[in-house]
Amino acid sequence: MGEWVILPGVFRLVHWRNPGAAWGLFHEWTWLLGVFSLAVALALILLWSRIVEKNPCYAIPCGCLLGGILGNMIDRFFFPQGVVDFLRFEFWPAFNVADSAISCSIVFLLVYELFFARRATPPPPSPKKK
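Residues numbered from 1 in each chain as written. Predicted model: local features only at pLDDT ≥ 70, side-chain atom pairs only at ≥ 80, totals over all residues. Heavy atoms only, no water.

Outline the packing of aromatic side chains, listing residues and values.
According to the stated counting rule, one finds five aromatic pairs in the structure shown. Between Tyr58 and Tyr112, the ring centres sit 5.8 Å apart and the planes meet at 85°, which makes this aromatic pair edge-to-face. Taken as a pair, Tyr58 in the loop between helix 1 (30-54) and helix 2 (59-78) and Tyr112 in helix 3 (residues 97-116) lie far apart in primary sequence, 54 residues in all. Put simply, the rings of Phe11, Phe89, Phe91 and Phe95 pair up and form one aromatic cluster. (Phe/Tyr/Trp six-rings, centres within 6.5 Å; stacked < 30°, edge-to-face > 60°. Helix = DSSP H or I, 4+ residues; strand = E, 2+ residues; numbered from the N terminus.)

Okay, here's the thing in structure tokens:
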């Protein structure tokens, strides 16, 4: 399988099969990763209206998350050799667009929830009248 050097010493396009999750973790459990992907994708689809209703800002990152999950899941179910990773920075293991969509959406959701989401404080209990 060939590779194209785009920026020497920095970035190249490769064609690698990854049977596992990130960095080849759980490569013995490809089928389980596929089933887990299917479960998370179904949960996102079923809960979509509640998620977006809670905060419309979640629509784009959740859409990217769902797209990334479905992209890798299709590779897992239809290509037993593994997911195709083709982007390779010399300082990072090879990955694909679906991996990027998953990672970026999770980082966005975590940062948003930790630093920008307004937490509704429950109103103080009303005094009981006798």
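After that view of the structure, there is still more to cover.
Which residues make up the side chain of Ser105, and what values go with them?
Relative to the assigned elements, Ser105 resides in helix 3. Of the residues examined, Ser105 reaches a relative accessible area of 3% and is grouped as buried. Excluding anything up to four places from it in sequence, Ser105 contacts Pro61, Cys64 and Leu65. (Buried < 20%, exposed > 50% of the residue type's maximum accessible area, 1.4 Å probe, protein only. Contact = heavy atoms within 4.5 Å.)

Hey, could you go over the confidence of the model for the protein chain for me, with residue numbers and the actual values?
Scored by pLDDT, the protein chain has a mean of 88; 92% of the residues are at 70 or more. Ranking the elements of the protein chain by mean pLDDT puts helix 1 last with 91 and strand 1 (residues 4-7) first with 95. (pLDDT = per-residue confidence, 0-100.)

I'd love a proper account of the nonpolar core, names of residues and values included.
Side chains of a nonpolar character, in soluble globular proteins, are inclined to be buried together. Core analysis: the largest hydrophobic core is formed by eleven residues, namely Ala41, Leu44, Tyr58, Cys62, Leu65, Leu66, Ile69, Ile102, Leu109, Tyr112 and Ala117. Sorting the residues of this core by element identifies helix 1, helix 2 and helix 3 as the ones contributing at least two each. Here this core gets four residues from one element, more than from any other, and that element is helix 2. Discounting residues that sit within four places of it in the chain, Leu44 has contacts with Ile51, Cys62, Leu65, Leu66 and Ile69. (Core = buried A, V, L, I, M, F, W, Y, C linked by side-chain atoms within 4.5 Å.)

How would you summarise the packing of helix 1 against helix 2 if you had to cite specific residues and measurements?
Helix 2 packs onto helix 1 with a crossing angle of 155° between their chain directions and a minimal axis gap of 9 Å. The angle between helix 1 and helix 2 falls in the class roughly antiparallel. Of the two possible hands of crossing, helix 1 and helix 2 adopt the one that is left-handed. Here the residues of the contact of helix 1 with helix 2 sort into 18 nonpolar, four polar and one charged. (Axes fitted to C-alpha atoms, helices over the stretch in contact; angles between N-to-C directions. Parallel < 35°, antiparallel > 145°, perpendicular 65-115°, else oblique. Left-handed = near helix turned anticlockwise from the far one by under 90°. Nonpolar A, V, L, I, M, F, W, Y, C, P; charged D, E, K, R; others polar.)

I'd like a rundown of the environment of Cys57, residues and numbers included.
Tracing the backbone through its elements, the reader meets Cys57 in the loop between helix 1 and helix 2. Linking Cys57 and Lys128, residues 71 residues apart in sequence, is a C-alpha distance of 39 Å. With residues near it in sequence (within four places) discarded, Cys57 still touches Phe108 and Tyr112.

Report on the pairing of strand 1, specifying residues and quantitative values.
Both strand 1 and strand 2 (residues 11-18) contribute to a ladder of three bridges, which runs antiparallel. Its bridge partner lying in strand 2, Leu7 is registered against Phe11. Connecting strand 1 to the next strand, strand 2, in antiparallel fashion are three residues, including Gly9 with a positive phi near 80°. (Pairing = 2+ DSSP bridges.)

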